[in-house]
Amino acid sequence: MLNWFIHAAKRLWAESMYVVGEDNSHEDLEVFFVNFPSAKQYFSQFKHMEDPLEMERSLQLRKHARRVMGAINTVVENLNDSEKVSSVLALVGKAHALKHKVEPIYFKKLTGVMVEVIAEEYPNDFTPEAHGAWTKMKTLIYTHVTAAYKEVGWAQYPTATL
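Below you will find a few notes about this structure. (Residues numbered from 1 in each chain as written. Predicted model: local features only at pLDDT ≥ 70, side-chain atom pairs only at ≥ 80, totals over all residues. Heavy atoms only, no water.)

A word on the packing of aromatic side chains. Applying the stated criterion to the full structure yields 9 aromatic pairs. An aromatic cluster is defined as three or more aromatic residues linked by ring pairs; in this entry it consists of F32, F33, F36, Y42, F43, F46 and Y106. (Phe/Tyr/Trp six-rings, centres within 6.5 Å; stacked < 30°, edge-to-face > 60°.)

Another aspect to go through is empty space enclosed by the protein. Overall, the coordinates contain 1 cavity of 30 Å³ or more when judged by the stated rule. There is about 40 Å³ of room inside the largest cavity. Every residue along the wall of the largest cavity is listed here: I72, T111, M114, V115, W134, M137, K138 and I141. Mapped onto the lining of the largest cavity, the elements with two or more residues apiece are α6 (105-121) and α7 (128-151). Top element by residues in the lining of the largest cavity is α7. It accounts for 4 residues. Here the lining of the largest cavity is built from residues that sort into 6 nonpolar, 1 polar and 1 charged. (1 Å grid on protein atoms, 1.4 Å probe; cavity = no way out; pocket = protein on both sides within 12 Å on 5 of 7 lines; lining within 4 Å. Points joined across faces, edges and corners; volume = space filled by probe spheres on them. Helix = DSSP H or I, 4+ residues; strand = E, 2+ residues; numbered from the N terminus. Nonpolar A, V, L, I, M, F, W, Y, C, P; charged D, E, K, R; others polar.)

Here the focus is the nonpolar core. In this structure, F32, F33, W134 and M137 are the most contacted members of the largest nonpolar core, which totals 45 residues. At the level of secondary structure, the elements contributing two or more residues to this core comprise α1 (2-24), α2 (26-35), α4 (59-77), α5 (82-99), α6 and α7. Considering every element that reaches this core, the biggest residue donor is α6, with 9 residues. (Core = buried A, V, L, I, M, F, W, Y, C linked by side-chain atoms within 4.5 Å. Buried < 20%, exposed > 50% of the residue type's maximum accessible area, 1.4 Å probe, protein only.)

For the rest of this paragraph, the subject is α6. When the terminal C-alpha atoms of α6 are compared, their 25 Å separation across 17 residues agrees well with the 24 Å that a helix rising 1.5 Å per residue should span. Those residues of α6 lying buried are I105, Y106, F107, L110, T111, G112, V113, M114, V115, V117 and I118. (Expected span 1.5 Å × (residues − 1).)

In this section: the layout of surface pockets. Where empty space is left becomes clear once a probe the size of a water molecule has been rolled over the atoms. Its boundaries defined by the atoms lining it, the largest pocket holds a volume of some 700 Å³. Secondary-structure elements contributing two or more residues to the lining of the largest pocket are α2, α4, α5, α6 and α7. It is α4 that provides the largest number of residues to the lining of the largest pocket, a total of 7 residues.

See the structure below:
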């Protein structure tokens, strides 16, 4: 069962999202911020942007999107190495909990948006198998990130309107 997930996630990533991550990785964050504008509160450089076109042109947003895609790429490339996956997502979770004070629910929302964008951009590649793999990937990311939040004693609860 795990091998199926690893194979399906890596294949879809290689065929679609990772290629897009080089040029259009910002699309996920743009859709995320349009759908969940309260998430922008954590980004001083673009928290006041309302226009999706302005977001698309933002160098800061593009830079952050490349970091997000880089972390996810590392996770996908290392799905066979659970320690590496845990390590990468723990670093992400701890940084967002301690330094950025981001509510963990936003990771669930962002990964949901990513799955929606992949499905819309690559409908022929987004088979039921791929959907199952990326649903499992969403769960994997959220589970590891929230574990890191708990490890550092995160005591805040979602207050933003999602």
